[in-house]
Amino acid sequence: MKSSIKIQLSTMMFLEFFLWGAWFVTLGTYLETNLGADGFERAKVFSTQSYGAIIAPFIIGLIADRFFNAERILGLLHIAGAILMYMMYKAENVSAFYPYTFGYMIAYMPTLALVNSVSFRQMSNPEKQFSNIRVFGTVGWIVAGLLISWLKWDNVQNNAADGTLRNTFLMASIAAAVLGIFSFTLPKTPPQKTEQNASISQILGLDALKLLKDPNFLLFFIASVAICIPLAFYYQNANPFLTGIGLENATAKMALGQVSEALFILLLPVFFKRFGFKKTILVGMLAWVIRYILFAYGNAGALAFMLITGIVLHGVCYDFFFVSGQIYTDAKAGEKYKSSAQGLITLATYGVGMLIGFWIAGFISEQYKTAAGTPDWKMVWLIPAGIAAVVMVLFALLFRDQSKSADLSK
């Protein structure tokens, strides 16, 4: 790969995840503090991510992969996203904010697949080259979090006085516009014949439903959906929780989760080879339990280390479950259902699983309140810890696919 193309792809990945991290991490705090949203209204807004994930395969498979160059539709979607993000910046209440967020997520979620498509088509050896490009996405997310705290937009006093957290949407809008224009300079990525001839069932991952006949894959599939419920609690509640209890530079500290993610993904192959898939994924599930217990009993004072530890566990939570799960799915599917299986798992987790999780998180936030009317954070975190613990125990007892461990670690 030419160095000029590598720079282009790295810049694309940086901006793709910078603009997501620029507003999504602090969204829960903004909705609660600036727009006065209750738990159910926050759940409704966060659910737009899941709707976007469900609709994305139609946009990619039925339109982008068949009729347009990937880099062109990537540019158009981000330019549309920049306009919608600016309207989110201008919205004065949740009712006005929601439809723009819904439209934005429908535009943004397909771009996650498009940036991968553009990258893979330029690579002679994606297995070795892609991680070096994708890591810039993680860097972009981290930089966004650090910038928000450095500018003190997430500072409780500043936000209360001037509504500074609103600026995150303006920053994301500018980044989206830049990426939209930049996308038209990316290497040409026209549709391939195989993509043009794919059936609707292949596009939506429905061909891979045949894999559910395997009891072990069915159990993994159900566990993947279920574990996304605790994940939704983190996305929806972590920033409001940390800023609400007075943790300084909360958004910057949350970026440690992405640093952890980048580091633990390097350890994953070693752990996978030594302990196999089942033990690896159980460690990921256990990390969810531990993280939320730490959140439940930590505070911004003497026990702040518990909160930081919980944030840093994000790498284990995500990599050891979701990334190892993608590897397991790839191995189980074989060449025939490889793409369909990954599409099915993505649809089930980021679509169905997190949609359920966001609404449960909103319900729990409204059900458990202190006398002052603020969320009872101890209960808000202990409940997803309990859900993750139940999923972990059932998976440990029922999953039997030990024979695949050696194959999966290759």
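Let me begin by describing the structure that accompanies this report.

Here is what the cut-offs are and how they apply
- Residues numbered from 1 in each chain as written.
- Predicted model: local features only at pLDDT ≥ 70, side-chain atom pairs only at ≥ 80, totals over all residues.
- Heavy atoms only, no water.
- Helix = DSSP H or I, 4+ residues; strand = E, 2+ residues; numbered from the N terminus.
- Buried < 20%, exposed > 50% of the residue type's maximum accessible area, 1.4 Å probe, protein only.
- Contact = heavy atoms within 4.5 Å.
- Areas by Shrake-Rupley, 256 points an atom, 1.4 Å probe, with all protein chains shown as cover.
- Patch = residues over 30% accessible without salt bridge, like charges linked within 9 Å, V, L, I, M, F, W, Y side chains within 5 Å.
- Salt bridge = Lys/Arg side-chain N within 4 Å of Asp/Glu carboxyl O.
- Polar contact = N/O pair within 3.5 Å; in protein donor to acceptor, adjacent residues only side chain to side chain.
- Expected span 1.5 Å × (residues − 1).
- Bend = angle between axes of the 7 residues up to and from the residue.
- Core = buried A, V, L, I, M, F, W, Y, C linked by side-chain atoms within 4.5 Å.
- Axes fitted to C-alpha atoms, helices over the stretch in contact; angles between N-to-C directions.
- Parallel < 35°, antiparallel > 145°, perpendicular 65-115°, else oblique.
- Left-handed = near helix turned anticlockwise from the far one by under 90°.
- Nonpolar A, V, L, I, M, F, W, Y, C, P; charged D, E, K, R; others polar.
- Phe/Tyr/Trp six-rings, centres within 6.5 Å; stacked < 30°, edge-to-face > 60°.
- Lys NZ or Arg CZ within 6 Å of the ring centre and 35° of its normal.

When you go through the chain residue by residue, the secondary structure sums to 17 helices and 0 strands. Across the 410 residues of the chain, 55% fall into the buried class. In the chain, 84% of the contacts between residues at least 6 apart in sequence involve partners at least 24 apart. With the model as given, the accessible surface of the chain reaches about 17,300 Å², and the carbon-plus-sulfur share is 65%.

A word on the environment of alanine 80. Looking at the element boundaries, alanine 80 is found in helix H4 (residues 70–90). In this structure the C-alpha to C-alpha distance between alanine 80 and serine 173, which are 93 residues apart in sequence, comes to 9.8 Å.

Turning our attention to a nonpolar patch on the surface. Residues Leu256, Val259, Leu263, Ile265, Leu266 and Val312 make up a contiguous nonpolar surface patch of about 490 Å² in total accessible area. Of note, valine 312 is situated in helix H14 (residues 304–312).

What follows deals with the environment of serine 10. Tracing the sequence through the fold places serine 10 in helix H1 (residues 3–21). Between the C-alpha atom of serine 10 and that of glycine 137, which follows or precedes it by 127 residues, the distance is 7.7 Å. Those residues in contact with serine 10 that lie beyond four places of it in its chain are Ile133 and Phe136. Within the local environment of serine 10, its side chain forms a polar contact with the backbone oxygen of lysine 6, the two atoms lying 2.8 Å apart.

Turning next to the environment of threonine 309. Mapping threonine 309 onto the fold places it in helix H14. Residues threonine 309 and leucine 256, 53 residues apart in the sequence, show an inter-C-alpha distance of 9.6 Å.

Outside of glycine, negative phi angles account for most residues, and trans bonds account for most peptide bonds. Despite not being glycine, lysine 152 has its phi angle at roughly 60°, a positive value. Tracing the backbone shows lysine 152 in the loop between helix H6 (126–150) and helix H7 (156–162). Lysine 152 sits in the partly exposed class, given a relative accessible area of 44%.

So, on to helix H5 (residues 94–120). In this model, H5 (27 residues) spans 39 Å end to end at C-alpha, consistent with the 39 Å of a helix rising 1.5 Å per residue. Taking the largest bend as the criterion, H5 deviates by roughly 30°, centred on leucine 112. The N-terminus of H5 is capped by asparagine 93, whose side-chain oxygen sits 3.2 Å from the backbone nitrogen of serine 95.

The subject of this paragraph is the nonpolar core. Judged by nonpolar contacts, the single largest core of 127 residues is most densely connected at Trp23, Phe97 and Phe395. Sequence-distant contacts of phenylalanine 97, defined by excluding residues within four places in its chain, comprise Leu27, Tyr30, Leu31, Leu35, Val45, Met88, Ala91 and Phe169.

Between two packed helices, the angle of one axis relative to the other and the distance separating the axes together describe the packing. Relative to each other, H1 and H5 sit at 155°, their axes nearing to 11 Å. Considering their axes alone, H1 and H5 lie roughly antiparallel with respect to each other. Handedness of the H1/H5 crossing: left-handed. Along the contact surface, H1 presents Leu9, Met12, Met13, Glu16, Phe17, Leu19 and Trp20, while H5 presents Tyr104, Met105, Tyr108, Thr111, Leu112, Val115, Asn116, Val118 and Ser119. When its residues are assigned to classes, the contact of H1 with H5 shows 12 nonpolar, 3 polar and 1 charged.

Below, the discussion takes up the pattern of salt bridges. On inspection of all chains with the given rule, the structure shows 4 salt bridges. Close ionic contact of lysine 332 with aspartate 214 constitutes a salt bridge, the shortest N to O distance being 2.5 Å. On the criterion of sequence distance, the pair formed by lysine 332 in helix H15 (residues 314–367) and aspartate 214 in the loop between helix H10 (200–203) and helix H11 (215–244) is long-range, its members being 118 residues apart. A relative accessible area of 22% means that aspartate 214 is categorised as partly exposed.

Looking now at the packing of H1 against helix H8 (residues 167–183). The contact between H1 and H8 brings their axes to 9 Å, and the two run at 150°. One element, H1, and the other, H8, form an angle in the roughly antiparallel class. Both H1 and H8 take part in a crossing whose hand is left-handed. Only Met171, Ala172, Ala175, Ala176, Val178, Leu179 and Phe182 of H8 make contact with H1, whose side of the interface consists of Gln8, Thr11, Met12, Leu15, Glu16, Phe18 and Leu19. Class assignment for the residues of the contact of H1 with H8 results in 11 nonpolar, 2 polar and 1 charged.

Below, the discussion takes up the packing of aromatic side chains. The relative placement of two aromatic rings is captured by the distance of their centres and the angle of their planes. Under the definition given, this model contains 43 aromatic pairs. Between tryptophan 23 and phenylalanine 169, the aromatic rings sit 6.1 Å apart at their centres with planes inclined by 45°, giving tilted as the arrangement. Within this pair, whereas tryptophan 23 is found in the loop between H1 and helix H2 (27–33), its partner phenylalanine 169 is found in helix H8, the two being separated by 146 residues in sequence. Residue class for tryptophan 23 comes out buried when judged on its relative accessible area of 0%. Of the residues examined, phenylalanine 169 reaches a relative accessible area of 1% and is grouped as buried. Geometrically, the ring pair formed by phenylalanine 321 and phenylalanine 322 is edge-to-face, given 5.1 Å between the ring centres and 70° between the ring planes. For the residue pair phenylalanine 321 and phenylalanine 322, the accessibility class agrees, reading buried in each case. The ring of tyrosine 98 carries the charged tip of lysine 44 above its face, separated from the ring centre by 4.6 Å.

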